Amino acid sequence: MTNADFWLDPACPFAWITSRWILEVEKVRDIQVTWNIMSLAFLNEDKDVSEEYRSFLETAWQPVRVLMAAEQKYGKDVVLPLYTAMGTRIHLEKQDKDRAMIEASLEEAGLDVGLADAMDDISYDEAIRTSHRAGMDQVGNEVGTPTIAFNGAAFFGPVISKAPRGEEAGRLWDACVTLSAYPHFYELKRARDKALDFS
């Protein structure tokens, strides 16, 4: 059994697609994923980013705070179902990252809808930063989510525009395992030229 840690922010479309891939990997390879919280807003708070991206980040803290509140109340096992409920609404249904979306996600995940109050509660931010650092310190500050750690290695990615299914998902995982086994491997990259496909 390979234990993998996955860091996510519900706002990130790349993390969403990669998360759907690794759920497929769990079906065809002997791995178990632990889901962890990171924050794009925290990652970029002191960076020079475009006004458009800064506007995007203004609503990024709220879902992450609610995820952390749910994790603290119920444990790690609720992170994935709540993330899935949020991600479906944000990325597939194009809903706003507002209280209505968060309450509906909590209800779908079978959690206390009152946890939506956490969306504006900065008391959760330090726990978010701690979880964030646990992932990002392994890969450096020039990357973000998705970040995956396994077998003593951690990487940003894979960044994919469509999640493979079945054995194809397994083969992509096998390639990641092979690359991670070489301690001097850092990056394999090309320009993204395809639209994101959430199907």
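Under the annotation held in an unreviewed UniProt entry, the chain carries the name Putative DsbA family dithiol-disulfide isomerase and is attributed to Nocardioides ginsengisegetis.

Tallying secondary structure elements over the chain gives 8 helices and 4 strands in all. Secondary structure elements of the chain, listed N to C terminal, follow the sequence β-α-β-α-α-α-α-α-α-β-β-α. For a compact globule of 199 residues, the expected C-alpha radius of gyration is about 16 Å, and the chain comes in at 16 Å, within 12% of that figure. Principal-axis analysis of the C-alpha atoms gives the chain an extent of 45 × 40 × 30 Å.

Within the secondary structure, Val177 sits in helix H8 (residues 166-180). In this structure Val177 touches Phe150 and Asn151, once residues within four positions along its chain are discounted.

A separate point is the pairing of strand S1 (residues 2-8). The buried count for S1 comes to 5 of 7 residues, which makes it a mostly enclosed element. By the bridge criterion, 7 bridges tie S1 to strand S2 (residues 31-37) in an arrangement that is parallel. Each bridged residue has a counterpart across the sheet, and for Asn3 the counterpart in S2 is Gln32. For the handedness criterion, the β-α-β arrangement of S1, helix H1 (residues 13-28) and S2 is classed as right-handed. Summarising the sheet, S1 and strand S3 (residues 147-150) pair through 4 bridges and their orientation is antiparallel. The residue of S3 that forms the bridge with Asp5 is Ala149.

Think of a pair of aromatic rings as described by two things: how far the centres are apart, and how the planes are tilted against each other in angle. All chains considered together, the criterion is met by 7 aromatic pairs. Relative to Trp35, the ring of Phe6 lies with its centre 4.9 Å away and its plane at 45 degrees, an arrangement referred to as tilted. One end of the pair, Phe6, is in strand S1; the other, Trp35, is in strand S2, and 29 residues separate them in sequence. Each residue in the set Phe6, Trp16, Trp35 and Tyr83 is aromatic and connected to the rest through ring pairs, giving one cluster. Over the ring of Trp16 we find Arg20, and its NZ or CZ is 3.9 Å from the ring centre.

In spatial order, the strands read S2-S1-S3-S4; together these 4 strands make up an open sheet with mixed pairing. Either end of the sheet is taken by a strand with one partner, and the two such strands are S2 and strand S4 (153-156). In this sheet, adjacent strand axes meet at a mean angle of 20 degrees when their direction is disregarded. Against the sheet, H1 contacts S1, S2 and S3, and its axis sits at roughly 155 degrees relative to S2. Packed onto the sheet, H8 meets S1, S2, S3 and S4 and runs at close to 70 degrees relative to S3.

Looking at where Pro63 falls in the secondary structure, it is placed in helix H4 (residues 61-74). Look past the residues within four positions of Pro63 in its chain and what remains in contact with it is Pro10, Met86, Lys97, Met101 and Ile102.

Right, let's talk about the packing of helix H5 (residues 79-92) against helix H6 (residues 99-108) for a bit. It is the contact of H5 with H6, at a shortest axis distance of 8 Å, that shows an interaxial angle of 135 degrees. Taken together, H5 and H6 sit at an angle that is classed as oblique. As for how H5 packs across H6, the hand of that crossing is right-handed. Only Met101, Ile102, Ala104, Ser105, Leu106 and Glu108 of H6 make contact with H5, whose side of the interface consists of Leu82, Ala85, Met86, Arg89 and Ile90.

Let us look at the state of the cysteines. Evaluation of the coordinates by the stated rule reveals 0 disulfides. Not engaged in a disulfide, the cysteine Cys12 finds its nearest cysteine sulfur in Cys176; these two sulfurs lie 16 Å apart. A residue is classified by how much of its surface remains accessible, and Cys12, at 5% relative accessible area, is buried.

The next thing to look at is the packing of H1 against H8. Two numbers describe how H1 lies on H8: the axes approach to 8 Å, and their chain directions differ by 95 degrees. Looking at the two axes, H1 sits roughly perpendicular to H8. In this structure, H1 contributes Trp21, Ile22, Glu24, Val25 and Val28 to the contact, and H8 contributes Gly166, Glu167, Ala169, Gly170, Leu172, Trp173 and Cys176. Split into classes, the residues belonging to the contact of H1 with H8 amount to 8 nonpolar, 2 polar and 2 charged.

Criteria and cut-off values
- Residues numbered from 1 in each chain as written.
- Predicted model: local features only at pLDDT ≥ 70, side-chain atom pairs only at ≥ 80, totals over all residues.
- Heavy atoms only, no water.
- Helix = DSSP H or I, 4+ residues; strand = E, 2+ residues; numbered from the N terminus.
- Rg over C-alpha atoms; globule rule 2.2 N^0.38 Å.
- Contact = heavy atoms within 4.5 Å.
- Buried < 20%, exposed > 50% of the residue type's maximum accessible area, 1.4 Å probe, protein only.
- Pairing = 2+ DSSP bridges.
- Right-handed = clockwise from strand over helix to strand, strands pointing away.
- Phe/Tyr/Trp six-rings, centres within 6.5 Å; stacked < 30°, edge-to-face > 60°.
- Lys NZ or Arg CZ within 6 Å of the ring centre and 35° of its normal.
- Axes fitted to C-alpha atoms, helices over the stretch in contact; angles between N-to-C directions.
- Parallel < 35°, antiparallel > 145°, perpendicular 65-115°, else oblique.
- Left-handed = near helix turned anticlockwise from the far one by under 90°.
- Disulfide = S-S within 2.5 Å.
- Nonpolar A, V, L, I, M, F, W, Y, C, P; charged D, E, K, R; others polar.

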